[in-house]
Amino acid sequence: MKKILALSTLVLITAGCATNPDTLSRQEKNEAYQTYFNDNEISAVKHVNNFRMTNWQSLTDSYIAIKSPFKKRYVIELKGRCQELDYAQTLITHQTTTHQLSKNFDAFSVPEYPHFKCYIKDIYPVSDEQHKVILAIGKPLDK
């Protein structure tokens, strides 16, 4: 019985480690994103015209990656932490101008907290290759 209990505990611990693939904390990832933008001279823009979001992914509770039509990609830095962003299946966009996304004025929220708006601090346009590198930050390397 002790062997079964010990084996079960080992399996649970191993499974728990496998479900958390990140190698960096949220703060370290946020710092790594900023370093990447600085090192690669990726400048933030004030707004994006003809904006429409087709897909998004939470990077941390302060950064999201967005895909829009025609393979345009952006990394959005939010002001502060955005509650429940890591667990949301849907993202609500609060835009002050139709078809334009602007820093400081526009925001995102999650359906569970629609009135808790996460305002946009910066918008970074990135290429497909840069997008892949950014998504890999904090993930273990494949061997």
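Residues numbered from 1 in each chain as written. Predicted model: local features only at pLDDT ≥ 70, side-chain atom pairs only at ≥ 80, totals over all residues. Heavy atoms only, no water.

A. View of the packing of aromatic side chains. With the rule as written, the count across this model stands at 3 aromatic pairs. Considering the side-chain rings of Phe-37 and Tyr-124, the 3.9 Å spacing of their centres and the 15° angle between planes classify their relative orientation as stacked. Placement of Phe-37 in helix 2 (residues 26-39) and of Tyr-124 in strand 8 (residues 118-126) is noted, with a sequence separation of 87 residues between them. As far as burial versus exposure is concerned, Phe-37 and Tyr-124 are alike and both buried. (Phe/Tyr/Trp six-rings, centres within 6.5 Å; stacked < 30°, edge-to-face > 60°. Helix = DSSP H or I, 4+ residues; strand = E, 2+ residues; numbered from the N terminus. Buried < 20%, exposed > 50% of the residue type's maximum accessible area, 1.4 Å probe, protein only.)

B. Quick look at helix 3 (residues 128-136). Along helix 3, the residues that are buried comprise Gln-130, His-131 and Ile-134. Here the buried residues of helix 3 occupy an arc of 105° about the axis, which is enough to place them on one side. Residues of helix 3 that are exposed and angled more than 90 degrees away from the buried face: Glu-129 and Lys-132. Looking at the buried side of helix 3, the elements it contacts are helix 2, strand 3 (63-68), strand 4 (72-78) and strand 8. Directly beyond the C-terminal end of helix 3, a positive phi value near 85° is found at Gly-138. (Arc of directions from axis to C-beta. Contact = heavy atoms within 4.5 Å.)

C. Spatial organisation of the nonpolar core. One finds Ile-64, Ile-76, Leu-78, Leu-85, Leu-101 and Phe-108 to be the most contacted residues of the largest nonpolar core, which totals 18 residues. Looking at this core, the elements that each hand over two or more residues are strand 3, strand 4 and strand 8. Not counting the four nearest positions on each side in its chain, Leu-101 is found in contact with Lys-46, His-47, Val-48, Phe-51, Ile-76, Thr-93, Gln-95, Asp-106, Phe-108, Ile-120 and Ile-123. In this structure, Tyr-36, Phe-37, Tyr-63 and Ala-65 belong to the second largest nonpolar core, which totals 12 residues. (Core = buried A, V, L, I, M, F, W, Y, C linked by side-chain atoms within 4.5 Å.)

D. Main features of the environment of Arg-73. Note that Arg-73 resides in strand 4. When the C-alpha positions of Arg-73 and Pro-125 are compared, they lie 6.0 Å apart, and in sequence the two are 52 residues distant. Every residue in contact with Arg-73, bar those within four places of it in the chain, is listed here: Ile-66, Lys-67, Tyr-124, Pro-125, Val-126, Ser-127, Asp-128 and His-131. A distance of 3.4 Å separates polar atoms of two side chains, one belonging to Arg-73 and the other to His-131. (Polar contact = N/O pair within 3.5 Å; in protein donor to acceptor, adjacent residues only side chain to side chain.)

E. The arrangement of unusual backbone geometry in detail. The phi dihedral of Glu-41 falls on the positive side, at around 50°, and the residue is not glycine. As for its placement among the helices and strands, Glu-41 is situated in the loop between helix 2 and strand 1 (47-49). Phi angles above zero are rare outside glycine, and Glu-84 is one such case at about 65°. Mapping Glu-84 onto the fold places it in the loop between strand 4 and strand 5 (92-94).

F. Local environment of the pattern of salt bridges. Inspection of the entire model under this criterion finds 6 salt bridges. Linking Asp-61 and Arg-26 is a salt bridge whose minimum nitrogen-to-oxygen distance equals 3.4 Å. Placement of the pair is Asp-61 in the loop between strand 2 (55-58) and strand 3 and Arg-26 in helix 2, with a sequence separation of 35 residues. Residue Arg-26 is classed as partly exposed on the basis of its relative accessible area of 35%. For Lys-121, the salt bridge goes to Glu-77, with nearest N and O atoms at 3.5 Å. On the criterion of sequence distance, the pair formed by Lys-121 in strand 8 and Glu-77 in strand 4 is long-range, its members being 44 residues apart. Counted as one network, the salt bridges with shared partners bring together Arg-26, Asp-61, Arg-81 and Asp-86. (Salt bridge = Lys/Arg side-chain N within 4 Å of Asp/Glu carboxyl O.)

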